[in-house]
Amino acid sequence: MSDNKRLTHSTNSTTVADLLERLLDKGIVISGDIRIRLVEVELLTLEIRLLICSVDKAVEMGLDWWSGNPAFDSRARVASSLPVTELEERLQRLEARLETMPTVIEETHT
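Residues numbered from 1 in each chain as written. Predicted model: local features only at pLDDT ≥ 70, side-chain atom pairs only at ≥ 80, totals over all residues. Heavy atoms only, no water.

Draft legend 1. The arrangement of helix α1 (residues 16-26) in detail. Buried residues are scarce in α1, accounting for 0 of its 11 residues. After α1 finishes, the residue Gly27 shows a positive phi value of roughly 90°. (Buried < 20%, exposed > 50% of the residue type's maximum accessible area, 1.4 Å probe, protein only. Helix = DSSP H or I, 4+ residues; strand = E, 2+ residues; numbered from the N terminus.)

Draft legend 2. Quick look at the confidence of the model for the protein. Per-residue confidence for the protein averages 78 on the pLDDT scale, and 72% of its residues sit at or above 70. Looking over the protein, one finds the lowest element-wise mean pLDDT in helix α3 (residues 74-81), namely 63, and the highest in strand β2 (residues 41-52), namely 89. (pLDDT = per-residue confidence, 0-100.)

Draft legend 3. Inspection of unusual backbone geometry at higher detail. Unusually for a residue other than glycine, Val39 sits at a positive phi of about 50°. Of note, Val39 is situated in the loop between β1 (28-38) and β2. Look at Val39 and you get exposed, because its relative accessible area is 73%. Of note, Glu40 is a non-glycine position whose phi angle comes to about 60°, a positive value.

Draft legend 4. Layout of the pairing of β2. Relative to β2, β1 runs antiparallel, the two sharing 11 bridges. Across the sheet, the residue bridging to Asp33 is Glu47, located in β2. (Pairing = 2+ DSSP bridges.)

Draft legend 5. Main features of the environment of Ile48. One can find Ile48 in strand β2. The sequence separation of Ile48 and Ser31 amounts to 17 residues, and the corresponding C-alpha distance is 5.5 Å. Leaving out residues up to four positions away in the same chain, Ile48 has contacts with Ile30, Ser31, Gly32, Asp33 and Ile34. (Contact = heavy atoms within 4.5 Å.)

Right, here's the structure in full:
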């Protein structure tokens with residue numbers, strides 16, 4: 001009976017680190033939809049997509065939304081603060097042109 005109660009251990013076990021490395025290298029997508037309907041009228045639809053992968057894999061797939069976002073990229077923060085004066089100048093020029101536009105339109109209609 002002592003032979004039946006003996007525990008067996010696998011020599012080829014996978015550690016959590018190996019599993020996580022494999023998961024991040026390959027990536028995994030979890031998706032689901034939630035729809036709420038009342039008498040054949042759709043009231044709410046939620047489409048949920050979750051992608052788990054490494055940053056390198058995400059960039060390889062073209063998912064690099066954080067690279068130009070000032071909240072995540074310090075270089076984008078600096079770059080986004082520079083052209084504000086240029087945009088303000090352009091806005092002033094456009095507003096000045098718009099101020100002259102109504103007189104041109106009025107003159108053509110009369």
